[in-house]
Each structure stands twice: as C-alpha cells, then as structure tokens.
Amino acid sequence: MKYVFSGLFWIGVYLALVMAPLLVLLLGPMPAGSGFWWDFSLALGFAGTAMMGTLFLQTARFRRPSAPFGIDIVYYFHRQSALVTFVFILLHPLLLLVLEPTLWALFRPGLAPWHFWAGVASLLGLFLLLISSLWRKPLGIDYDRWRLGHAVLAVLTLGLAIAHIVGVGHYVATPWTKILWGAISLSWLLLLVTVRLIRPAMLLRHPYRVTGVSAERGDAWTLQVAPEGHDGFNFLPGQFAWISLGASPFALKEHPFSIASSAAKTAELHFTIKELGDFTRRIKEVEIGTPVYVDGPYGCFSPDRQPASRYVFVAGGIGIAPIMSMLRTLADRGDRRPLLLFYAYNTWDRTTFREELEMLRERLDLQVVFILNDPPPDWQGEVGLLTKELLGRHVPPPRAAAEYFICGPVAMIHLVEKYLHELGVPLGQLHSELFDLV
C-alpha cells in the first residue's frame, strides 16, 4: 500500500503541474467576447506547454517519483504523453485558424511578429522530436547521436514555446502569471543543470573499472565492472543501471542494462549484453581497465518488492539477464521457495546461461522449462512459441499464489501477460520489464 499511496501522490503532482498555468490564467483578466473555442484553444496551448516541461521531469531519473511505477513505466508514459502533448499544441493554432481564417495571412513573409514564428518553430521542433524517437531504428539513427540531438532539440523546443507565450504578452501581463512562468522557466533551468551537470559530476567522483569481459552463448557478453575508490552501491535483484563506458558522464553516451549479478555480491557488477546494435557489438572489444561510470540502481522489477510463497519467471532471449540476477541472489541467500522458469530461445546451442541454470537447480527448488523454436533432432522438451496451453500445463494451481516476472521482447511480454491473466492470474501479480531503448 505504501507504493499505491506514493503513486497516487505523484500522479497528483503531475496533474497539478499541468493544470497550474490554467488555474493561474483564471486569476487574471480575460479578453471580452473571445468565445469558448478561442479560450479552449488557448487552454490547449498552455496545458501543452506545461506538459512539454513535465517531459523533462519524466526522463530525469529521480528515484522517489519513479519508485511506485518503475522507471520503465515512467519512460513508457513519457512516450505516450509526448504524443498527447503534440496533439494539444497542434490543435492550439489549428482551432485559431479555423475560428479566424484571416490569421492565415500571417504566414506571408514579413507580416507575422517574431513570437508567431517562435510558436511555429516550437511546433516543428516537437514534431521532429516525435519522428526521430518513434522511428529512430527504422531511420537508422545512432543511439548516441539521437540522444544528444534529442536533448538539444528538446531544450530549444521548450524555450521557443515559452518565448511564444511571453511574446503574445496579454496572458502573462499580470503579476500572478509573471510569477508562474518565471518560476516554471527557472525550475526547468535548474532541472537541466541538475541532470546535465550536477549528476554527472557526482558520477565522476565514483568511477568504476572494467575487470573482465567474458563470452556467453547467443552472441552475448558479460561485462564485469568494479568500483574504484568507493564501495559501490546496493541493489535489488532485477534492477538495472545506466553505464557510460570509456566516456565521460557528461558525454550523453549512457546505455541502460540490467544487472545480471547477484545482489548479495556487490563488490563487482555484471552486465550481460547481447550484440544488437553499434554499441553492444563493441562490448567484446572493451579492454580491461577501461573506465566506466554507473548510474543506478533503478527499477522495481524485483522479487524483493513482491513477497510471495513461490515465483514464476518468463524470459525470452537476453531477457534472461535480470532473471539471472534474481536466481543468483536467491541461491546465495539459501532460498528454498519453489521457483519455475520458462525460457524461450531459438536454438539450444545459443541458449544463454543454459549450463549455469542446470547448476542452479542444485542450489534452488527450481524447475526450468526450455522452449526452443528450432530444436536439435534429439530434443525432448517444449517446441515452438510460448502459448497459453503451454503455460497452463506447467504452472501449478493455485496460480494466484505466485508472483510472475516477465522479461523479453515487448510483443512476447504482452502475449504472456494476456495468457496468464486468462489463466486466472491477477494483473497486479504480473511484473514486466518494458525497456526498449538501445
């Protein structure tokens, strides 16, 4: 219940931030005869600008606001709220142009005031942010370049939106509105300084070093890092961290990866990373002693937050990494609760951690169900895809007595959640990791 109340509180804070410009606007004089739709258009513009500002907060990785939801859910909400923000801000000028067709004349060169073009440029910037984010992979945009460009363009877009509001003048002429937008602008500036300067400076004081790089099955590599001159940090099994490998923490070259090592052994962190992109393909080439900066831990995808008499894990591909942290931790703790793992992979030869999973069976009350899409000729286990029927055969009743942890491709996660819910598992007992950034 602690997380429920905390979540409701932070949802209230978000709504208050979005609604604040509208509430303060009501305190000042309104132009006579503007009409409902004109006022509604202005409300959309103010709300959209405030929502644009909250997009910065959602990606600032503050632990307390993200703790009730999980930072992966916060990032997912960030993407959806960005779409809503764009719709709000797009409708703002469209409604005005429908109500006053003479405003189209402002698009002629030399007729419109500067704040008009600031608003147009802000809308265009927001559109480019959406396109480059939603279609980054199809467009072939490198993650590190996208991240730097995204940050710069986001700041410019928000600055242009505020300049547009200030340039219009009428709705920021009262003391209340001046105080509000001054406070909002200052808070966004402080947020930018905190995230881009203060936090990297703190990471710079707590460096890590690469102590090993080991090959795993399935084109995966385990990166081993150890704290240098400090004790590192404690984490929950299943959590993740952002790592800056061989680069300054100021360089905006962080990548999020699950911690695969045991939470009972914090002297060294292990990140098991599959070759999927430009950055991940270079992991095998990293030299021992390379400096690393680790920002973590983050996430609420952990059995430590969900006590239960037994656990069921579902992994697809490299989604096994955070679940290995959970299993290794439970083994180091001497935990004897019943555990069931479904692990889907294409081929047996490429199944990551298959040998260690066999050894963990000796230390845990663990049953492993491997599901292969392309099994060897002598395979006696499950074949094909994870199905409702397969899950139903292996998950013992009462199914609602367990907590379920699911990690893998997003499409697989949605299907497994659907199947388990249809098999009688309450939605509140299904826990998934939804990160898909790199």
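Computed from a prediction, not measured in an experiment: that's the story for all the values here. Residues take numbers from 1 onward in each chain, read along the sequence in its written order. Since the coordinates come from a predicted model, pLDDT governs what is reported: local features require at least 70, and pairs of side-chain atoms require 80 or more to be given and counted, while whole-chain, interface and lining totals use all residues. Working from all heavy atoms in the structure, the side-chain values ignore hydrogens and water.

Trainee: What should I look at first to understand the environment of Val213 in this one?
Mentor: Residue position: Val213 is located in strand β1 (residues 208–216). Any residue under 20% of the maximum accessible area for its type is buried, any over 50% is exposed, and the rest in between are partly exposed; the area is computed with a 1.4 Å probe on protein chains only. On the basis of relative accessible area, Val213 is assigned to the partly exposed category, the value being 24%. Residues Val213 and Ile283, 70 residues apart in the sequence, show an inter-C-alpha distance of 7.8 Å. Among residues more than four places away in sequence, those in contact with Val213 are Trp221, Thr222, Leu223, Ile283, Lys284, Val286 and Ile288. Think of it this way: any DSSP run of H or I at least four residues long counts as a helix, any run of E at least two long counts as a strand, and we number them from the N terminus. Throughout, a residue-residue contact means that at least one pair of heavy atoms, one from each residue, lies within 4.5 Å.

Trainee: Which parts of the structure should I look at to understand the state of the cysteines?
Mentor: Put plainly, a disulfide is one covalent bond tying together the sulfur atoms of two cysteines. Here, two cysteine sulfur atoms that lie within 2.5 Å of each other are counted as a disulfide. For the structure shown, the criterion picks out zero disulfides. Cys300 takes part in no disulfide bond, and the closest cysteine sulfur to it belongs to Cys407, at a distance of 13 Å. Since its relative accessible area comes to 17%, Cys300 is described here as buried. Using a relative accessible area of 9% as the deciding quantity, one classes Cys407 as buried.

Trainee: What's the story with unusual backbone geometry in this structure? I'm lost.
Mentor: Leave glycine aside and you will find that most residues have negative phi; peptide bonds, for their part, are mostly trans. Gly296 connects to Pro297 through a cis peptide bond whose omega is 0°. Along the chain, Pro297 turns up in strand β6 (residues 291–298). Note the cis peptide between Pro397 and Pro398, where omega equals -10°. Structurally, Pro398 can be placed in the loop between α11 (388–394) and β11 (402–407). Phi at Asp219 takes a positive value of approximately 55°, unusual for a residue other than glycine. Positionally, Asp219 belongs in the loop between β1 and β2 (220–227). Although it is not a glycine, Phe353 adopts a positive phi angle of roughly 70°. Secondary-structure assignment places Phe353 in the loop between β8 (339–345) and α10 (354–363). What makes Phe353 buried here is its relative accessible area of 5%.

Trainee: When you look at the nonpolar core in this model, what are you seeing that I'm missing?
Mentor: Side chains of a nonpolar character, in soluble globular proteins, are inclined to be buried together. Of all hydrophobic cores here, the largest spans 27 residues; its most connected members are Phe313, Leu327 and Leu341. Looking at this core, the elements that each hand over two or more residues are β7 (310–316), α9 (320–332), β8, α10, β9 (366–372) and β11. Broken down by element, this core gets its largest block of residues, seven residues, from α9. The contact partners of Phe313, leaving out residues within four places of it in the chain, are Ile323, Met326, Leu327, Leu330, Leu339, Leu340, Leu341, Phe342 and Phe405. Think of a nonpolar core as a cluster: buried Ala, Val, Leu, Ile, Met, Phe, Trp, Tyr and Cys residues, connected wherever their side-chain atoms sit within 4.5 Å. Ala82, Ile89, Ala154 and Ile184 belong to the second largest nonpolar core, which has 25 residues in total.

Trainee: Would you mind going over the sheet that holds strand β10 (residues 382–383) with me for this structure?
Mentor: Hydrogen bonding along the main chain pairs the strands of a sheet, whether they run parallel or antiparallel. Here the rule is simple: two strands pair whenever DSSP picks up at least two bridges between them. The six strands are arranged β10-β9-β8-β7-β11-β12 in an open sheet whose pairing can be described as parallel. Pairing within the sheet leaves two strands with one partner each, and these edge strands are β10 and β12 (430–433). Sheet analysis places β7 next to β11, joined by six bridges and oriented parallel. Its bridge partner being in β11, Val312 is matched across the sheet by Tyr404. Here α9 sits on the sheet and contacts β7, β8, β9 and β11; the angle it forms with β7, its principal contact strand, is near 150°. Only C-alpha atoms enter the line fits that serve as axes; for helices the fit covers just the stretch in contact. Angles between N-to-C directions range over 0 to 180 degrees.

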